[in-house]
Amino acid sequence: MRNFSIFKQSLGAGILIIFLCLGFACKKENPVPVNPVITLAAQEMKDLSYGSDPLQKLDVYLPANRDAKTKIVVFVHGGSFIGGDKLDYEGVVRELYREQIAVININYRLVDDAGLYQNPILRKDSPVKVKDQVADLAKALDFIWSKLGEWKLNDQKVALIGHSAGATLSLLYASHENSPNRIKAVVNLAGALDQTFTDIPQYQQVLPPYVLEAAHRFTGYPVNLENLAYFKEISPLYQVNPNRKIPTLNIFPELNDVMGLPKQGRATFDAYTQSLNQQGIPNKFVLIPGANHEFFGKFDLVLKETIAYLKIHLDGA
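In what follows, the accompanying structure is described. (Residues numbered from 1 in each chain as written. Predicted model: local features only at pLDDT ≥ 70, side-chain atom pairs only at ≥ 80, totals over all residues. Heavy atoms only, no water.)

### As for unusual backbone geometry
So, step 1. In this chain, Asn119 is followed by Pro120 through a cis amide linkage whose omega measures 0°.
So, step 2. Looking at the secondary structure, you find Pro120 in the loop between strand S4 (102–106) and helix H3 (130–147).
So, step 3. Phi at Ser164 takes a positive value of approximately 55°, unusual for a residue other than glycine.
So, step 4. Relative to the assigned elements, Ser164 resides in the loop between strand S5 (158–163) and helix H4 (165–175).
So, step 5. Phi at Ala190 is positive, roughly 60°, even though this residue is not glycine.
So, step 6. With relative accessibility at 0%, the residue Ala190 sits in the buried group. (Helix = DSSP H or I, 4+ residues; strand = E, 2+ residues; numbered from the N terminus. Buried < 20%, exposed > 50% of the residue type's maximum accessible area, 1.4 Å probe, protein only.)

### Re the pattern of salt bridges
So, step 1. All chains considered together, the criterion is met by 19 salt bridges.
So, step 2. Asp199 is the salt-bridge partner of Lys263, the closest N and O atoms lying 2.8 Å from each other. On the criterion of sequence distance, the pair formed by Lys263 in the loop between strand S7 (248–255) and helix H8 (266–278) and Asp199 in the loop between strand S6 (185–189) and helix H5 (203–206) is long-range, its members being 64 residues apart.
So, step 3. By relative accessible area, Lys263 is classed as buried at 17%.
So, step 4. Judged by its relative accessible area of 54%, Asp199 falls in the exposed class. (Salt bridge = Lys/Arg side-chain N within 4 Å of Asp/Glu carboxyl O.)

### Observations regarding the packing of aromatic side chains
So, step 1. Going through the model one piece at a time under the given rule, you end up with nine aromatic pairs.
So, step 2. Taking the centre distance of 4.9 Å and the plane angle of 50° together, the rings of Phe252 and Phe269 count as tilted. With Phe252 in strand S7 and Phe269 in helix H8, this residue pair connects regions lying 17 residues apart in the sequence.
So, step 3. Accessibility expressed as a relative area gives 2% for Phe252, which makes it buried.
So, step 4. A residue is classified by how much of its surface remains accessible, and Phe269, at 2% relative accessible area, is buried.
So, step 5. Through pairs of rings, three or more aromatic residues link up here, namely Phe252, Phe269 and Phe285.
So, step 6. In this structure, Arg182 packs its charged tip against the face of Trp145, placed 4.1 Å from the ring centre. (Phe/Tyr/Trp six-rings, centres within 6.5 Å; stacked < 30°, edge-to-face > 60°. Lys NZ or Arg CZ within 6 Å of the ring centre and 35° of its normal.)

This is the structure:
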C-alpha cells in the first residue's frame, strides 16, 4: 500500500525483480525429505475468478498433507491503489508456502491512473474507488470460504496479510462493521494508516498535484475540509472498531519515506497502536531497523515475525 507510495516507480520491472529477491525469495529450497509420505498432494491453481472483472482473480497454493491444523493466509498486494499485481509478491507467497501455510494471493480492481502524471494533470473520476477495492477483498474472501471444504482446509485458520495499499485494504476490511467475524489475525506491512491531509498547513501548496488528484479518485471527492469524512473512511487510523477485535500485527519499516509524503512515519503507526490499545484490540508493533518501504534486504525479519504471530493466533483457532 502504499499511501500514494512509490506510485509508478514501484511498479516497474526493476522493482519487481528486487522485491522477488528481498533476501528470502532467492534462498535455496528447503531440503526435501527422503521418501516423504504424501497423504494429500500439493496443488497450485492460478487465476481463479471470484468475479466478472478480469482483475478479480486469485492464485491458490495448497501444501501437501494439509489438514485441520494448516494455517491459511490471504495475501493482498500493494501498488498505491492504482497498480501492482499479485505476481509482484509471488516470492513472498512461496516463502509462506514453504512453511506449510496455504496461501491465496489475490488481485483486485484498480483506481484509474490515466493522466495522473501528465502536465497539466487530467482531472477525472475513477469508476473504481478504494471502497470498491475493499468490496473486492470481501468478495474474494466469500469465494475462498466457499471453497475451503473442497480444498481440505479449516475455515477457522484464516489470516489476512497486506503490503502498503494491500495492508490498508486488509485493515479496512477487518474493521468494517459488516465484515463477518471470520478473520483470526491481520498483518499490516507498511500500510497507509492516515489518508487525511487537510490538517497539514497549506496542504494545497505542499502536496504534489498528483497526490491531490489521486486522493480525489480514491474517494470521488476533492481534498478539503468539507469532505474530511470521506478520507477518514479510507484511513484505518479512524476506522478502529471495538466490535472487531481481530489480533493485528503492525510491521513498520524504520525508513518508511514514501516520496516525502506526510503521515508515513513512526508517529502515525504509534497513533494507530494507541487507538487499538484504547479499544482493547490485541496487537503487536514491530520495528524493522534500517528497512525501507519495500523492506529491501530485511524481509527475512518480516517473515520471521509474521510466522511467529500466525502461530500464536491461528494454532489455537
